[in-house]
Amino acid sequence: MASGITKLVVGHPFDTVKVRLQTSSAAEGRFKGPLDCLVKTVRLEGPLALYRGCTPPLVGIMDWVITNNAFPELVFCFWGSYDIFVRNLKRYGLSDGSVSFLAGGLSATVFWMGSYPTDLVKNTYMTQPDVHPRRYPTATCVMKHIYQTAGLQGFYRGFLPSFLRAFPTNAAAVFMFETTMHLDNRLLFAVPKKGRLYEQCMQLLQGSDIHFNRRSRQDIALSTNLPVALIFLPAADIPKYVAEGNVDLGITGQDMVEENEVKDKITQLMELGFGQCRLCVQVPVSGSSQTLESLCGKRIVTSFDAFARKVFEPLDAKFGKKTTINYVSGSVEAACALGLADGIIDLVESGETMRAAGLHDIHTLMTTESVLIGNKNSQHQDLITKLTSRIRGVITASKYVLCTFNVERQHLPEAVKITPGRQGPTISSLDSHEGWVSVSAMIEKKRKGDIMDALSDVGATDILVMGFTNCRV
Ligand SMILES: Nc1ncnc2c1ncn2[C@@H]1O[C@H](COP(=O)(O)OP(=O)(O)OP(=O)(O)O)[C@@H](O)[C@H]1O
Ligand SMILES: O=P(O)(O)OC[C@H]1O[C@H](OP(=O)(O)OP(=O)(O)O)[C@H](O)[C@@H]1O
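Conventions adopted
Every chain is numbered on its own, with residues counted from 1 as its sequence reads. Chain A is the first chain written and ligand 1 is the first ligand written, with later ones labelled in order. For this predicted model, a pLDDT threshold of at least 70 governs which residues receive local features, and a threshold of 80 or more governs which side-chain atom pairs are given and counted, while totals over whole chains, interfaces and linings are taken from all residues. As a rule here, side-chain values cover all heavy atoms of the structure and leave hydrogens and water aside. UniProt positions are given in the numbering used here, feature names are shortened, and annotations may be inferred rather than shown by experiment. Ring pairs are drawn from Phe, Tyr and Trp, using the six-membered ring of Trp, whenever the two centres fall within 6.5 Å, and their geometry is named by plane angle: stacked under 30 degrees, edge-to-face over 60, tilted for the rest. Only DSSP runs of H or I reaching four residues or more are called helices, and only runs of E reaching two or more are called strands; each is numbered from the N terminus. Only protein chains enter the accessibility calculation, which uses a 1.4 Å probe; a residue whose area is less than 20% of its type maximum is buried, one above 50% is exposed, and one in between is partly exposed. Sitting over a ring, as applied to charges here, requires NZ of Lys or CZ of Arg to be within 6 Å of the ring centre and within 35 degrees of the ring normal. Within this analysis, the arc is defined by the directions that extend from the helix axis to the C-beta atoms. In what follows, residue pairs with any heavy atoms lying within 4.5 Å of each other are defined as contacts. The near set for a molecule or strand comprises every residue that places at least one heavy atom within 4 Å of it. Under this definition, polar contacts are N or O atom pairs within 3.5 Å; protein pairs additionally need one hydrogen-donor-capable and one acceptor-capable atom, and for neighbouring residues in sequence, both atoms have to be side-chain atoms. For accessible areas, the Shrake-Rupley method is used with a probe of radius 1.4 Å. Any residue's cover is judged against the shown protein chains and nothing else. Distance thresholds for patches are 9 Å for like charges and 5 Å for nonpolar side chains (Val, Leu, Ile, Met, Phe, Trp, Tyr), applied to residues having over 30% relative accessible area and no salt bridge. Any Lys or Arg side-chain nitrogen located within 4 Å of an Asp or Glu carboxyl oxygen qualifies as a salt bridge. Gly is put with the polar residues, along with every residue not named as nonpolar or charged; the nonpolar set is Ala, Val, Leu, Ile, Met, Phe, Trp, Tyr, Cys and Pro, and the charged set is Asp, Glu, Lys and Arg. For every domain, the bounds stem from an assignment made automatically or drawn from a database. Think of it this way: DSSP has to see at least two bridges between two strands before they count as a pair. Here, axes are lines fitted to C-alpha atoms. For helices the fit covers the stretch in contact, and angles between N-to-C directions go from 0 to 180 degrees.

The name given to the chain in an unreviewed UniProt entry is ATP phosphoribosyltransferase, and the organism recorded there is Absidia repens. Quoted verbatim from the Catalytic activity (unreviewed entry) field of the UniProt record, the comment on the chain reads "1-(5-phospho-beta-D-ribosyl)-ATP + diphosphate = 5-phospho-alpha-D-ribose 1-diphosphate + ATP".

In C-alpha cells form, the structure reads like this:
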C-alpha cells in the first residue's frame, strides 16, 4: 500500500509528462522536451494537472489499476504465465535457452493481453483535450465510450504493433536474464568470439566434450553438461578479464597477454599449438628506415601500442627523440602505403600480408601461440584442472596416432626401439601365430610414414595406424 502511494505521488507526474510527450507530435511543437512539458503543464493548468488521472472518483478494480498506475502489479501475469509456459515447453525437449526465449515472448503476449485495455484507457484519459467541462470526467467514462463506439474489441485498438514489439524484445530480455541468473556458481570460460583463433577454439571445446548451444550473436552460452558458461569476447580483451577475475579461464594469444601486461597476474596453463606467428617490426622494402634505431623518432602504427611503447621508449631516451605511436585496430599493413607510418608492428605468419603491402620484417619482438590461461584466485580450481586435462587430451590426440602391428618375438627389441610409445608399448602374444606378438604404441603423427617404413624393414606385418580424438596419457 505504502509503495503504491509512493509510486503514485512520485511516479505519476513523470507518467503524465511521458504520455503528453508521446502524444504531442513534433509538428505540433507543443513541448520542446520533458522539462518544457513539465513547466508548461504546471504554468497553464496548475500543479494538480500532473496528477490528472489519479484523483477522480474512479470505481472498480480497473479504475484502481489505472489511477494508481499499477501496471507493475500486473507483472504477476507475466511471471505466473512464464512458469506455466516453461513447464509445458520443457516437455518438447527444447534446450533451456529456447525454452526461456519462447516462454518470455509468450508471457509478454499474455501480459499485454491483460494490461493493454487499461493502458489504452489511461492514455486516452490522460491525453484528452484541456477543455472544460472535461470530455471524460472519469476513466470509467473513457471505458464506456470505447465500449459504446467500438465494442469489446475497441479495448485492443493498436494492439498488433505492441504485440509485434513485445514478443521479440521480451523473449530476448528474459533469455538474457535467465542466462545471467544461471551464471552463479559456474566456471566462466572466455573464448575468442571471432578472428583467427575462433575455429580452432570451437574444435577444442567440442573435442573436450564441453556441450553448449550458442545462438547467433549471443555472447554468453551455458554448457549443457558441465557447470561452465562460455563467454565470447574479443581475443584482445580476454587476458584482462582473466587477470581481474571477471572470468576464470580463457583462450587467447601470448601476444595479447604481453600487450595487456598481465603476465604476472594470470597462470599460463597450457600452450595450445595453434595461432602460431611472430610479432614483428615491419618497414617498406625500399624505405629509408631499415633498422629499429633508425625508426626512432618516426611514426609507428600498430594494434600493439603498449608493446610499441615498451620498445621505443628506451630508444627515445637513448637518442633524445620522440617516436609517434598510433593505434589502429586492424589492417595495420595499409598504414605505410597510406603515408601514415614509417614502420608498423604487427603479426606475421606466412608473411603473405606483409609482402602484399610491400613490407618486410626487420625485427622479431616475440613468437606467439594461443594459450589457455587461468585466474590465480578462481574458486573453481578443481574444474579448471578437469578442463585443462580434457583440453590436454585433445591436443595430445591431435599430435599422435596409434600404431599396431604384428612382429616375430625375436625382432621385438628392434621394433620396440622404433615405437617405444610414451611409457612403453602394449605387447600381447598372438594365439594364432606361435612365436609372434601384437604390439600397439602411440607414435607422432608427423613421423608415421618413416615409422611404418622402419617397422616393415624389421619384418613387422599388418601395420595399422589409427587416429583418435581424445586421450588421457
Ligand atoms: N596470421 C595469424 N596467424 C596465426 N595466429 C594469428 C594470426 N593473426 C592473429 N593470430 C593470433 O590470433 C590472435 C587474435 O588475432 P585476430 O586478428 O584474430 O584478433 P581480432 O583482432 O580479435 O580479430 P579480427 O582480426 O577478426 O578483428 C592474435 O593475438 C594472435 O595470437
Ligand atoms: O602473415 P600472414 O599469414 O599474412 O598473417 C598475418 C596477418 O594476419 C593477421 O591479420 P588478420 O588476417 O587476422 O586480420 P586483421 O589485420 O584484421 O587483424 C595479422 O594482423 C596480419 O595482418
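*Asks:* In this structure, what is going on with the packing of aromatic side chains? I would like to understand it.
*Replies:* Aromatic ring pairs are defined here through the distance separating the ring centres and the angle between the ring planes. Per the counting criterion, the structure on display carries 6 aromatic pairs. With a centroid separation of 6.1 Å and 50° between ring planes, the pair formed by Phe-212 and Phe-232 is classed as tilted. With a gap of 20 residues between them, Phe-212 in the loop between helix 8 (198-207) and strand 2 (220-222) and Phe-232 in strand 3 (residues 228-233) connect regions that are remote in the sequence. Look at Phe-232 and you get buried, because its relative accessible area is 1%. Feature note: the residues Phe-111, Trp-112, Tyr-116, Tyr-156 and Phe-159 constitute an aromatic cluster, connected by ring pairs. Note that Arg-215 overlies the ring of Phe-175, its terminal NZ or CZ placed 5.2 Å from the centroid.

*Asks:* Any chance you could explain helix 8 here in plain terms?
*Replies:* Each α-helix winds once per 3.6 residues, and so residues spaced three or four apart point in a common direction. Those residues of helix 8 lying buried are Cys-201, Met-202, Leu-204 and Leu-205. Buried positions in helix 8, seen along its axis, are confined to an arc of 160° and lie on one side of it. The exposed set on the far side of helix 8, more than 90 degrees from its buried face, consists of Glu-199 and Gln-206. Looking at the buried side of helix 8, the elements it contacts are strand 1 (187-192), strand 3, strand 4 (249-253) and helix 15 (381-399).

*Asks:* Just checking my understanding: could you explain the site of ligand 2 for this structure?
*Replies:* If you check the shell around ligand 2, you find Arg-196, Ser-331, Glu-333, Asp-346, Leu-347, Val-348, Glu-349, Ser-350, Gly-351, Glu-352 and Thr-353 and nothing else. With respect to ligand 2, the side chain of Glu-333 contributes an N or O atom lying 2.6 Å from an oxygen atom. Glu-349 is positioned with one of its backbone polar atoms (N or O) 2.7 Å from an oxygen atom of ligand 2. Coverage of ligand 2 by the protein amounts to 69% of the 490 Å² it exposes when considered alone. Taken together, the elements giving at least two residues each to the shell around ligand 2 come down to strand 9 (343-348) and helix 14 (352-356). Here the element with the most residues in the shell around ligand 2 is strand 9; it accounts for 3 residues.

*Asks:* Quick question: what am I supposed to make of unusual backbone geometry here?
*Replies:* Only a minority of non-glycine residues have a phi that is not negative, and only a minority of peptide bonds are not trans. Positive phi, close to 55°, is recorded for Glu-261, a residue that is not glycine. Tracing the sequence through the fold places Glu-261 in the loop between helix 10 (254-259) and strand 5 (266-271). You will see that Ser-331, though not glycine, has its phi angle at about 45°, which is positive. Its location among the elements puts Ser-331 in the loop between strand 8 (324-327) and helix 13 (334-337). Exposure remark for Ser-331: the relative accessible area of 63% places this residue in the exposed category.

*Asks:* Just to check I follow, could you spell out a nonpolar patch on the surface for this structure?
*Replies:* A contiguous nonpolar patch, built from Leu-35, Leu-38, Val-39 and Val-42 and spanning about 310 Å² of accessible area, is present on the exposed surface. As for its placement among the helices and strands, Val-39 is situated in helix 2 (residues 34-45). The class for Val-39 is partly exposed, based on a relative accessible area of 40%.

*Asks:* I'm lost on the site of ligand 1 in this one. Help?
*Replies:* Taken together, 13 residues lie around ligand 1, and Lys-194, Arg-196, Asp-255, Met-256 and Glu-349 are the ones closest in. One of the backbone nitrogen or oxygen atoms of Arg-196 is found 2.6 Å away from an oxygen atom of ligand 1. In the complex, the protein chains occlude 75% of the 610 Å² of accessible area that ligand 1 would expose alone. When the residues that make up the shell around ligand 1 are grouped by side-chain class, the tally is 5 nonpolar, 4 polar and 4 charged. Residue-level mapping places the shell around ligand 1 at the junction of two domains, with at least three residues from each of domain 2 (184-274 + 371-375) and domain 3 (277-368).

*Asks:* Before we go on, may I ask you to explain the sheet that holds strand 11 (residues 370-375) in this structure?
*Replies:* By definition, the strands of a sheet pair up through backbone hydrogen bonds, in either a parallel or an antiparallel sense. The mixed open sheet is built from 6 strands, whose spatial order is 2-3-1-4-11-5. Two strands bound the open sheet, and with one partner strand each, they are strand 2 and strand 5. The average angle at which neighbouring strand axes cross in this sheet is 25°, direction not considered. Pairing geometry for strand 4 and strand 11, over 5 bridges, is antiparallel. By the bridge assignment, Leu-249 is partnered in strand 11 with Gly-374.

*Asks:* It is not clear to me how the sheet that holds strand 15 (residues 461-466) should be interpreted in this structure. Could you clarify?
*Replies:* If you trace the 4 strands from one edge of the open sheet to the other, you get 13-14-12-15, paired in antiparallel fashion. At either end of the open sheet lies a strand with only one pairing partner, and these are strand 13 (426-429) and strand 15. The sheet shows a mean angle of 15° between the axes of neighbouring strands, direction not considered. Where strand 13 meets strand 14 (residues 436-444), 4 bridges bridge the pair, whose relative direction is antiparallel. Residue pairing across strands places Ser-428 opposite Ser-438, the latter belonging to strand 14.

*Asks:* Could you clarify how one ought to interpret the pattern of salt bridges in this entry?
*Replies:* Oppositely charged side chains can pair when the atoms bearing their charge come close. In total, this model carries 10 salt bridges according to the counting rule given. With its nearest N and O atoms 3.9 Å apart, the salt bridge here joins Arg-214 to Asp-219. Of the residues examined, Arg-214 reaches a relative accessible area of 26% and is grouped as partly exposed. With a shortest N-O distance of 3.8 Å, Arg-309 and Asp-305 are connected by a salt bridge. In this pair, Arg-309 and Asp-305 both sit in helix 12 (residues 305-319), 4 residues apart, roughly one turn of the helix. Each of Lys-193, Arg-214 and Asp-219 takes part in salt bridges that share partners, so that together they form one network.

*Asks:* Is there a simple way to think about the pairing of strand 9 in this case?
*Replies:* Consecutive side chains of a regular strand alternate in pointing toward one face of the sheet and then the other. The buried fraction of strand 9 amounts to 5 of the 6 residues, a majority that puts the element mostly inside the structure. With 5 bridges connecting them, strand 6 (residues 277-284) and strand 9 associate as antiparallel partners. Within strand 9, the position partnered with Arg-278 by the bridge is Val-348.

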